[in-house]
Amino acid sequence: MSSKNSLELKVLKILRAAGVQNTSVLVACSGGLDSVVLLQIFSNLSQKLNLKLHSAFVHHGKAKKSVERYRA
């Protein structure tokens, strides 16, 4: 079993235990690896849990600071 499937199974168990089924879910996504993976997992699980999935882009404002630091 790949680590992706293992993580997806853990998330599935957590969501079922929390009663997250037959509902709408909003996943905030900054574009970073962690939030993109989270969105992908929710997308993969949306049919199993009967979720209406929505995503929203969240800009933390940190990337600009990082870019400006290296411009010199």
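To be clear, the structure that these remarks concern was listed above.
Since we're looking at a predicted model, the values are computed, not measured. Residue positions within a chain follow its written sequence, with the count starting from 1. With the structure being a predicted model, the display of local features is reserved for residues of pLDDT at least 70 and the display and counting of side-chain atom pairs for 80 or more, all residues being used for whole-chain, interface and lining totals. Remark: hydrogens and water are excluded; side-chain values derive from all non-hydrogen atoms of the structure.

A.B. asks: Just checking my understanding: could you explain the nonpolar core for this structure?
C.D. replies: General note: in soluble globular proteins, nonpolar side chains tend to be found buried as a group. Residues grouped as a nonpolar core are buried Ala, Val, Leu, Ile, Met, Phe, Trp, Tyr and Cys residues, joined through side-chain atoms within 4.5 Å. With a 1.4 Å probe rolled over the protein chains alone, any residue whose accessible area is under 20% of its type maximum counts as buried; one over 50% counts as exposed, and the rest are partly exposed. Formed by Val-11, Leu-12, Leu-15, Val-25, Val-27, Ile-41, Phe-42, Leu-45, Leu-49 and Leu-51, the largest nonpolar core amounts to 10 residues. Going through the elements one at a time, α1 (3–17), β1 (23–29) and α2 (33–49) are the ones with two or more residues in this core. Secondary structure follows DSSP: runs of H or I at least 4 residues long count as helices, runs of E at least 2 residues long count as strands, and numbering of each begins at the N terminus. With 4 residues, the top contributor of residues to this core is α2. Pairs of residues are marked as contacts when any of their non-hydrogen atoms sit within 4.5 Å. Apart from the residues within four sequence positions on either side, Ile-41 is in contact with Leu-7, Glu-8 and Val-11.

A.B. asks: How do you make sense of the environment of Gly-61 when you look at a structure like this?
C.D. replies: Here Gly-61 is to be found in the loop between β2 (51–57) and α3 (62–69). The partly exposed category is assigned to Gly-61, whose relative accessible area is 23%. When the C-alpha atoms of Gly-61 and Ser-30 are compared, they prove to be 9.9 Å apart, with 31 residues separating the residues in sequence.

Treat this as a map of the structure, not an account of what it does.
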